[in-house]
Amino acid sequence: MAAQPEDPKALNDKYSSVPSDDSRTQELTWRRLFLRKGKLRASSRTSALMSGFAMVAMVEIQIDPGLPSGLIIAFSVLTTILISIHVFALMISVCILPNLDSFASSYSLNNKNFDNSLHEQMHYYIETAWLFSTGLGTLLFLAEVAIVAWVQFYNKSKAAAIASTCVLLPVGVVFIWFALHFYKILVKHKYEQSSQGLEELQMYVDKLQPTDIHTV
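Cut-off values and rules
Residues numbered from 1 in each chain as written. Predicted model: local features only at pLDDT ≥ 70, side-chain atom pairs only at ≥ 80, totals over all residues. Heavy atoms only, no water. Helix = DSSP H or I, 4+ residues; strand = E, 2+ residues; numbered from the N terminus. Areas by Shrake-Rupley, 256 points an atom, 1.4 Å probe, with all protein chains shown as cover. Expected span 1.5 Å × (residues − 1). Bend = angle between axes of the 7 residues up to and from the residue. Contact = heavy atoms within 4.5 Å. Core = buried A, V, L, I, M, F, W, Y, C linked by side-chain atoms within 4.5 Å. Buried < 20%, exposed > 50% of the residue type's maximum accessible area, 1.4 Å probe, protein only.

Looking at this structure, I do not really get the overall build of the chain. What am I missing?
Helix and strand counts for the chain stand at five helices and zero strands. For the chain, the sequential pattern of α-helices and β-strands runs α-α-α-α-α. Split by element, the accessible area of the chain, about 14200 Å² in all, is 66% carbon and sulfur.

Which parts of the structure should I look at to understand helix H4 (residues 123-153)?
Within an α-helix, residues lying three or four positions from one another point in the same direction, as the helix has 3.6 residues per turn. The end-to-end C-alpha distance of H4 is 43 Å, a good match for the 45 Å that 31 residues give at a rise of 1.5 Å each. Along H4, the sharpest kink reaches roughly 40°, centred on Gly137.

What's the story with the environment of Gly137 in this structure? I'm lost.
Along the chain, the position of Gly137 falls in helix H4. The sequence separation of Gly137 and His86 amounts to 51 residues, and the corresponding C-alpha distance is 6.5 Å. Non-local contacts of Gly137, meaning those with residues more than four positions away in its chain, are made with Met50, Leu82, His86, Leu131 and Phe132.

Just to check I follow, could you spell out the nonpolar core for this structure?
The biggest cluster of nonpolar side chains holds 16 residues, and the ones touching the most others in it are Ile61, Phe75, Leu82, Leu140, Ile147, Val148 and Val151. Elements that contribute at least two residues to this core include exactly helix H2 (21-60), helix H3 (69-104) and H4. Per element, the largest residue contribution to this core is six residues, and it comes from H3. Setting aside residues no more than four positions away along its own chain, Ile147 makes contact with Ala74, Phe75 and Leu78. Formed by eleven residues, the second largest nonpolar core is a distinct cluster that contains Leu40, Ala89, Phe103 and Ala129.

Just distances and angles here, no functional claims.
Structural data, given as structure tokens:
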């Protein structure tokens, strides 16, 4: 006796929960958009704060007579590099962030018009601004604090300048350790997400195999 074919409505209900490739692609695209938008927003705030501090330090600090010329040169060069890096990161954020905000305001998984968004085309610029602001810029900011301490206390109390440097050294080591540890965790998380996505795709493929087709 031939087996009765499964009800088409039951088959439709069975596979209706399986997301399509388009929906998954759109979801991942939106996630990348909001992540990069958050990076640009954090970069703009951090860069504006640190570059403002460096500018105030360059203008307001009093250069006492008798300071070594090498210390003054190191202060001026480091401050200029710090301001330039943060201003560059701020410029990238200011140029790209309004476009991402405008596109993100129309958030919908049914919105397939991703060509109007710049988060894919400007990916490298966004990552550069994030790296300059939170990575290299923060490390230079710590060095700037040490240089300012030496310029300020060199003629008054060298012990105070040395103490400031001794405090900042472990802070710099902890910062570098955290940056490397965070990068390691981020890479591991991306690997696990990719592996999970491949497993889910394999599961969907297995579910879509024609096992429910019965022959007479």
